[in-house]
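What the coordinates show
What follows is each chain in one-letter form.
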Amino acid sequence: MALAAAVRRGMQAQLWAGVLQCQLRGLSSSPRVQQSAAAAAAAEAIPASASPGGGQEPAGRTVKMNLCSAINDALHIAMEEDPKTLCFGEDVGFGGVFMCSRGLQERFGRDRVFNTPLSEQGIVGFAIGAAAEGLRPVAEIQFADYIFPAFDQITNEAAKYRYRSGGAYDVGGLTIRAPYGAVGHGGHYHSQSPEAFFTHIPGVKVVMPSGPREAKGLLLASIREPDPVIFFEAKMLYRTAVEDVPEGEFEIPLGRARTVQQGSDITLVGWGQQVKVLELAAREVQERDGISCEVLDLRTLLPWDADSVEASVRKTGRLLVSHEAPVTSGFGAEVVSTIADRCFWSLEAPPARVCGYDTPFPLVFEPLYLPTARRVAEAIRRTVTAT
């Protein structure tokens, strides 16, 4: 508990100090970025909305939420609609390090919301057994960096359960939540983006929301999904991203990309936290260079919506993919390879990748490591002017 409290205090101090502006270095003068801290403060005072019956709310009714509150709202709805839904993990009973599970234990009891020992392999192993018995476990890995002790359970048990039993058994009710990515002070053990490891595993789905609205809709879809899902949440956005989120029942289908903005000169593809960076870079090159960018949010990496990316690249003739994870064997390589194969004769320039470097995630050098809006904007200019 002491460690969790210390981490929470450190997170809050860094966020209020403007960590997001550091991550988006080069465009920190943007009004949108400058307003993020004030919006985050306002969102802290907004209570999570829960739909007692899990039913559909009137169309168009929304409430301001940050990403943390959107996750909490989705968990309340999932717990309310199905008594077989469980939430557990390290400190989850207390609300979790990031407070995403706050209020759940008080509302649904200690039998359904509880703390676990500090053992990721045990957490996921228990969740697999619960899902195999027909329950709907939502297991939390406190930081995505520590999901690796559970790697064998995920790859050799959860992912293969249905296949090895010939369809007789499955763990389709299993959802594994994990906060990932840069946060300004996490260093090499609390900042990694391990999504690419899991996109190589048939039998699981990998989901990475880019904001509060996406997080709520995609998490509810993941919990109801008949396959096990790994749900990565950008901890940088927990309190810095604030949006209008539909109240009550709300679901976004997995496997469908979202067009964030239309454009004609180049297609920018990202997921999770990096979508916000791509939006800022797109605005920068539009204002300074007149370059029109189409921005796509993949939402789901396994399976990913190759058809939407293909359609966009056939229109723009250029592609740039960006993610925080190291560039070598990152998921961006899969996107580039697939689109180069499908759109070879439509491409007017080689596809570009702007990613983290092939080093351990640094501490004081984090701003140099990250694929910031400035790095993305420079790569956009190079790609569009390439002959």
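Notes on the structure follow. (Residues numbered from 1 in each chain as written. Predicted model: local features only at pLDDT ≥ 70, side-chain atom pairs only at ≥ 80, totals over all residues. Heavy atoms only, no water.)

**Some words on the packing of helix H12 (residues 274-289) against helix H16 (residues 373-385)**
Geometry of a packed helix pair, given as the angle between the helix axes and the separation of the axes. Interhelical geometry of H12 versus H16 gives an angle of 55 degrees and a closest axis separation of 8 Å. Comparing their axes, H16 and H12 come out oblique. The interaxial crossing formed by H12 with H16 has right-handed handedness. In contact with Gln 274, Val 277, Leu 278, Leu 280, Ala 281, Glu 284, Val 285, Arg 288 and Asp 289 of H12, H16 contributes Ala 373, Val 376, Ala 377, Ile 380 and Arg 381. Considered class by class, the residues forming the contact of H12 with H16 number nine nonpolar, one polar and four charged. (Axes fitted to C-alpha atoms, helices over the stretch in contact; angles between N-to-C directions. Helix = DSSP H or I, 4+ residues; strand = E, 2+ residues; numbered from the N terminus. Parallel < 35°, antiparallel > 145°, perpendicular 65-115°, else oblique. Left-handed = near helix turned anticlockwise from the far one by under 90°. Contact = heavy atoms within 4.5 Å. Nonpolar A, V, L, I, M, F, W, Y, C, P; charged D, E, K, R; others polar.)

**Quick look at the sheet that holds strand S4 (residues 136-140)**
Strand order in the open sheet formed by seven strands is S3-S2-S4-S5-S7-S6-S12, and the pairing between neighbours is mixed. Edge positions in the sheet fall to strand S3 (113-115) and strand S12 (300-302), since each has one partner strand and no second. Mean inter-strand twist for the sheet, computed between neighbouring axes without regard to direction, equals 20 degrees. As defined by bridge partners, strand S2 (residues 85-89) adjoins S3 across three bridges and the pair is classed as parallel. Directly across from Phe 88, in S3, lies its bridge partner Phe 114. (Pairing = 2+ DSSP bridges.)

**Considering the environment of Asp 244**
Note that Asp 244 resides in strand S8 (residues 242-246). Since its relative accessible area comes to 40%, Asp 244 is described here as partly exposed. The spatial distance from the C-alpha of Asp 244 to the C-alpha of Ala 70 is 9.9 Å, given a sequence separation of 174 residues. In contact with Asp 244, other than residues within four places in its own chain, are Thr 62, Val 63, Lys 64 and Arg 213. (Buried < 20%, exposed > 50% of the residue type's maximum accessible area, 1.4 Å probe, protein only.)

Note that all results are geometric; they support no functional claim without further evidence.
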